[in-house]
Amino acid sequence: MSDINKYILSNIGNALRRRREELSYSQRDVANMTGLTINSISGIERGKNSSLSNFLLICRALHIQPRHIFEKDIDLTPLYNLPPESKKRIDTTKKLDELVNDTDFFQIPKRVSEVLEKLDSDKRDSNKFSVYLTGYCKEGALEYIKEGNIKKYKKSKKST
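Residues numbered from 1 in each chain as written. Predicted model: local features only at pLDDT ≥ 70, side-chain atom pairs only at ≥ 80, totals over all residues. Heavy atoms only, no water.

**Regarding the packing of helix H6 (residues 84-102) against helix H8 (residues 126-139)**
Operational definition: Angular values range over 0 to 180 degrees, each being the angle between N-to-C directions of two axes fitted as lines to C-alpha atoms, with helices fitted over their stretch in contact. What counts as a helix is a DSSP run of H or I of at least four residues, what counts as a strand is a run of E of at least two, and both are numbered from the N terminus. An angle counts as roughly parallel when it lies under 35 degrees, as roughly antiparallel when it exceeds 145, as roughly perpendicular when it falls between 65 and 115, and as oblique in every other case. Each helix crossing is assigned a hand: it is left-handed if the near helix lies turned anticlockwise from the far helix by less than a right angle, otherwise right-handed if that turn is clockwise. In what follows, residue pairs with any heavy atoms lying within 4.5 Å of each other are defined as contacts. Put simply, Ala, Val, Leu, Ile, Met, Phe, Trp, Tyr, Cys and Pro go in the nonpolar bin, Asp, Glu, Lys and Arg in the charged bin, and everything else, Gly too, in the polar bin.
Taken N-terminus to C-terminus, the directions of H6 and H8 make an angle of 45°; their axes are 12 Å apart at the nearest point. Between H6 and H8, the crossing angle belongs to the class labelled oblique. The handedness of the crossing between H6 and H8 is right-handed. In this structure, H6 contributes Arg89, Thr92, Thr93, Leu96, Asp97 and Val100 to the contact, and H8 contributes Phe129, Tyr132, Leu133 and Tyr136. Residue classes in the contact of H6 with H8 are distributed as six nonpolar, two polar and two charged.

Laid out in structure tokens, this is it:
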């Protein structure tokens, strides 16, 4: 576990302990109300052994909304960056969403190769794009017509 998460979990545990003490509850009292063990309660108050489920059980026992435990904003910067292929997939998905939903590009039936060209994508991605476009058909945004072995995609009559 990263040091930043240890610090955050320690702060959460301290806040839960303070709330428990405000209510004059013992760890045994909280254990009785949650079904957790005293060791689990103790560990969570020390920033250990935590799960979201146990956190919510304790919040219920202490009559405190979870948002009140988080007094200060938490730095939620991911520990690692997305790999380049994930960034590319996300960017492509956004561009394709815009093309399908916000333009009239698909008013005239289009082959996958035309979509690839429009989005300046690699022709080797044609299988991926066929899957993407089929997904839009399942959602009802597009429909396809088949001419021999070739599918052409166009705006669905339902979405226009």
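On we go from here.
**Section: the pattern of salt bridges**
Operational definition: Salt bridges are counted wherever a side-chain nitrogen of Lys or Arg sits within 4 Å of a carboxyl oxygen of Asp or Glu. Burial here depends on accessible area, computed with a 1.4 Å probe over protein chains only, as a share of the maximum for the residue type. Under 20% is buried, over 50% is exposed, and the range in between is partly exposed.
Tallying each qualifying case throughout the model produces nine salt bridges. The partner of Lys128 in a salt bridge is Asp125, and the shortest N-O contact between them spans 3.8 Å. Overall, the relative accessible area of 13% leaves Asp125 in the buried class. A salt bridge links Lys152 to Glu147; the shortest N-O distance between them is 3.4 Å.

**Thoughts on the packing of aromatic side chains**
How we decide: In this scheme Phe, Tyr and Trp rings, the latter by its six-membered ring, pair at centre separations within 6.5 Å, and the angle between planes marks the pair as stacked below 30 degrees, edge-to-face above 60, and tilted otherwise. The criterion for a charge sitting over a ring is simple: Lys NZ or Arg CZ within 6 Å of the ring centre, and within 35 degrees of the ring normal.
Enumeration according to the criterion identifies four aromatic pairs in this entry. Ring geometry for Phe55 versus Phe70: centroids 5.9 Å apart, planes at 55°, classification tilted. With a gap of 15 residues between them, Phe55 in helix H4 (residues 52-61) and Phe70 in the loop between helix H5 (66-69) and H6 connect regions that are remote in the sequence. The class of Phe55 is buried, set by a relative accessible area of 11%. Sitting over the ring of Phe105, Lys110 keeps its end group 4.7 Å from the ring centre. Over the aromatic face of Tyr144 sits the side chain of Lys151, whose NZ or CZ is 4.3 Å from the ring centroid.

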